[in-house]
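Residue-level listing of the chains:
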Amino acid sequence: MLGADLEWFTTLAETENVSAAADRLHLAQPTLSRMLARLEHRLGVALFDRHGKRLRLNDYGRLYYEHARRARAELHAGEQAVADRANPAKGVVRLSFLHSFGGNLAPQLIGDFRRTAGRVDFTLYQGAAEVITRQVLDGEADLALVSPRPGTPGIGWRTLLNQPVVLAVPSDHRLAGQRQVRLAELADAEFIAMHPGFGMRRVFDELCAAAGIGPRISFESSDLVTVRGLVAAGLGVALVPAEEPLPPGVALVPLADAGASRDVGLIWSATATGSEAVRRFRDFATEWAARRHTR
C-alpha cells in the first residue's frame, strides 16, 4: 500500500462512513467507493459489512486496518525524521491531549515553548485518555498530555502538575458554601460523569470506590465543559478539577477524601527515539512546570 492508500483507507476505517471520509479527504464519494472496490478486489475479500449507506469493519477489515495504521505511523515517522535531518532547527512535534487541556494548559505550554525555541511546528489531536495513550504507543503521536498517569506498560511519564479534584454543585444546592464534604455523604446523589475511557472518569471511579459508594450516574459526557453545564442546569453534581473555569450557577466544594486530586503529566513511548524537537519540548515542559510550582 502506498502512503496515499494508507491515508484514505485508515480514514474510511475510522469513520466507517463514505460521505464523512470523502469530505475529510477532499474526494468525491464515487471516487472513494471505487478505490475501496479496487482494494477489496485485489485482496479477494470484503473489508466492510454494508448496512445501507453505513459501513462496518469486519474481521478482515479490522486485521487490515491494524497493519495499515501501523504502516501509516511508520511513514509519518520517516517523514518527520527526514524533515528533522534537513532542518534540525525546525522540527515537528505531534502532541495529543485531553479535551479539557485545550482551553488553557496545552496552548500556554506550546506558546511559551515557541517563544523560546523558534519555529517548531505542532500537529495536535484531542481525545480520551485511553485513545491518546494508544496513539503514543502506536507511534501516531510523539507526546501526550494526560491525567491521571496511565498504567499501560511501555509508557514514559513526567508529572507536570497536580490539580485538586472538587465537588461541583448547582449554586442553590444544599452543599453550596460548605467548607468541605466527604463523598460517602453523597451516596444518594445523582452524578454527572465523563464517559468510561476518559481520565476524569477513572479518577471519579477510584474516588467513589475508596469512599465505598456505588454512584448513581444520571448523565455521561465526553467533555468537562458539558459536565459543568449540566451541573449548572441543576441536573446533578460532578467531580471536576478545581482549576478549570466555571459557568455561572456552579459552586465548588472541597473534598475531604484522601487522594482527591489528579496528576497531570506528559507521556511518550519508552521504546521510541524522539526527534530533537520532541526532546526539546519534553525537557521544556518539565522546566516550565517546575517554574510554575515555585511561583
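Look a little higher up for the structure.
All residue numbers refer to positions counted from 1 along the written sequence of the respective chain. The predicted origin of the model limits local features to residues at a pLDDT of at least 70 and limits the giving and counting of side-chain atom pairs to 80 or more, whereas totals for whole chains, interfaces and linings rest on all residues. Side-chain figures throughout are based on the complete set of non-hydrogen atoms in the structure, without hydrogens or water.

Colleague: Explain the overall build of the protein to me, using residue names and the numbers behind them.
Modeller: In terms of helices and strands, the protein carries nine helices and 11 strands. Expressed as lengths along the three principal axes of its C-alpha atoms, the size of the protein is roughly 65 × 50 × 35 Å. Remark: exposure states derive from per-residue accessible area (1.4 Å probe, protein chains only) relative to the maximum for the residue type, with buried under 20%, exposed over 50%, and partly exposed in between. Relative to its full complement of 295 residues, the protein shows a buried share of 45%. Any two residues whose heavy atoms approach within 4.5 Å at even a single point are treated as in contact. Restricting to contacts in the protein with at least 6 residues of sequence separation, those with at least 24 account for 72%. Each accessible area is a Shrake-Rupley result for a 1.4 Å probe, and residues are judged covered by the shown protein chains and nothing else. Working note: accessible area of the protein is about 15,000 Å², and carbon and sulfur atoms make up 51% of it. Note on charges: Lys and Arg go in the positive column, Asp and Glu in the negative column, and His and the chain ends are not counted at all. The atoms used to mark charge sites are NZ of Lys, CZ of Arg, CG of Asp and CD of Glu. With 35 positive and 33 negative side-chain charges, the protein shows a separation of 3 Å between the mean positions of the two kinds. Working definition: helices are DSSP H or I runs of at least four residues, strands are E runs of at least two. Numbering for both runs from the N terminus.

Colleague: Pulling in residues and values, what's your account of the pairing of strand E6 (residues 155-170)?
Modeller: In terms of burial, E6 is largely enclosed, as 12 of its 16 residues are buried. Being paired, for any two strands, means DSSP has found at least two bridges between them. In this sheet, strand E9 (residues 238-241) lies alongside E6 in antiparallel orientation, the contact comprising four bridges. The residue bridging Leu167 from the neighbouring strand is Leu239, located in E9. In this sheet, strand E10 (residues 250-253) lies alongside E6 in antiparallel orientation, the contact comprising four bridges.

Colleague: Lay out the nonpolar core in plain terms, naming residues and giving numbers.
Modeller: Ranked by size, the top nonpolar core spans 36 residues in total, and within it Val93, Leu95, Leu109, Phe122, Leu143, Leu145 and Phe281 carry the most contacts. Within the residue set of this core, elements represented by two or more residues are strand E3 (92-97), helix H5 (105-117), helix H6 (129-137), strand E5 (143-146), E6, strand E11 (261-269) and helix H9 (276-293). The residues touching Leu109, leaving out its near neighbours within four places in the chain, are Leu145, Leu160, Phe281, Phe284, Ala285 and Trp288. Core analysis: the next-biggest nonpolar cluster, separate from the first, contains 35 residues, Leu175, Ile192, Met200 and Ala251 among them. Definition of nonpolar core: a set of buried residues of the types Ala, Val, Leu, Ile, Met, Phe, Trp, Tyr and Cys, connected through side-chain atoms within 4.5 Å.

Colleague: Hey, could you go over the side chain of Arg94 for me, with residue numbers and the actual values?
Modeller: Tracing the sequence through the fold places Arg94 in strand E3. Side-chain atoms alone can form a polar contact between residues adjacent in sequence; in general such a contact is a pair of N or O atoms within 3.5 Å, and within protein one must be able to donate a hydrogen while the other accepts it. Within the structure, the side chain of Arg94 is placed 2.9 Å from the backbone oxygen of Gly139, a separation counted as a polar contact.

Colleague: Residues and numbers for the packing of helix H2 (residues 18-25) against helix H3 (residues 29-43), please.
Modeller: Describing two packed helices takes the angle between their axes plus the distance from one axis to the other. Contact geometry for H2 and H3: axes closest at 9 Å, N-to-C directions at 105°. In terms of their interaxial angle, H2 and H3 are classed as roughly perpendicular. Here H2 contributes Val18, Ser19, Ala21, Ala22 and Leu25 to the contact with H3, which in turn contributes Gln29, Leu32 and Ser33. Each residue gets one of three labels, nonpolar for Ala, Val, Leu, Ile, Met, Phe, Trp, Tyr, Cys and Pro, charged for Asp, Glu, Lys and Arg, and polar for the others, Gly among them. Looking at the contact of H2 with H3, its residues break down into five nonpolar, three polar and no charged. The angle between two axes is taken between their N-to-C directions and runs from 0 to 180 degrees, where each axis is a line fitted to C-alpha atoms and a helix contributes only its stretch in contact. Under this scheme an angle from 65 to 115 degrees is roughly perpendicular, one under 35 degrees roughly parallel, and one over 145 degrees roughly antiparallel; angles in between are oblique.

Colleague: Tell me about the pattern of salt bridges, residues and numbers included.
Modeller: The salt bridge criterion pairs a side-chain nitrogen of Lys or Arg with a carboxyl oxygen of Asp or Glu, the two atoms within 4 Å. Across all of its chains, the model carries 17 salt bridges by this definition. A salt bridge links Arg69 to Asp138; the shortest N-O distance between them is 2.1 Å. Of this pair, Arg69 sits in helix H4 (residues 59-86) while Asp138 sits in the loop between H6 and E5, and the two are 69 residues apart along the sequence. Grouping residues by exposure puts Arg69 and Asp138 together as buried. The partner of Arg216 in a salt bridge is Glu190, and the shortest N-O contact between them spans 3.2 Å. Residue Arg216 is located in strand E8 (residues 216-221), and its partner Glu190 is located in strand E7 (residues 190-194); the two are separated by 26 residues in the primary sequence. Through salt bridges with shared partners, a single ionic network connects Glu14, Glu66, Arg69, Arg72, Arg134, Asp138 and Glu140.

Colleague: Account for the packing of aromatic side chains, with residues named and values stated.
Modeller: The rule is short: rings of Phe, Tyr and Trp, with Trp giving its six-membered ring, pair when the centres are within 6.5 Å, and they are stacked under 30 degrees, edge-to-face over 60, tilted in between. Enumeration according to the criterion identifies eight aromatic pairs in this entry. Taking 5.2 Å as the distance between ring centres and 75° as the angle between the ring planes, the aromatic pair formed by Phe9 and Tyr64 counts as edge-to-face. A residue pair is termed long-range when its members are at least 10 positions apart, and Phe9 in helix H1 (residues 3-15) and Tyr64 in helix H4 qualify at 55 residues. By relative accessible area, which is 0% here, Phe9 ends up buried. Just above the ring of Trp268 sits the side chain of Arg282; from NZ or CZ to the centre is 4.4 Å. A ring has a charge above it when a Lys NZ or an Arg CZ is no more than 6 Å from the ring centre and no more than 35 degrees off the ring normal.

Colleague: Give a detailed account of the environment of Leu143, specifying residues and quantitative values.
Modeller: Within the element layout of this structure, Leu143 appears in strand E5. Of the residues examined, Leu143 reaches a relative accessible area of 0% and is grouped as buried. Through-space distance from the C-alpha of Leu143 to that of Thr15 is 24 Å; in sequence the pair is 128 residues apart.

Colleague: Got a sec to walk through the pairing of E5? Specific residues and values, please.
Modeller: Burial along E5 is two-sided: Leu143 and Leu145 facing one way and Ala144 and Val146 facing the other are all buried. Summarising the sheet, E3 and E5 pair through three bridges and their orientation is parallel. For Phe97, the partnering residue across the bridge sits in E5 and is Leu145. The sheet contact formed by E5 and E11 spans three bridges and is antiparallel. Bridge pairing links Val146 to Gly265 in E11.

The analysis is restricted to geometry; functional conclusions fall outside its scope.
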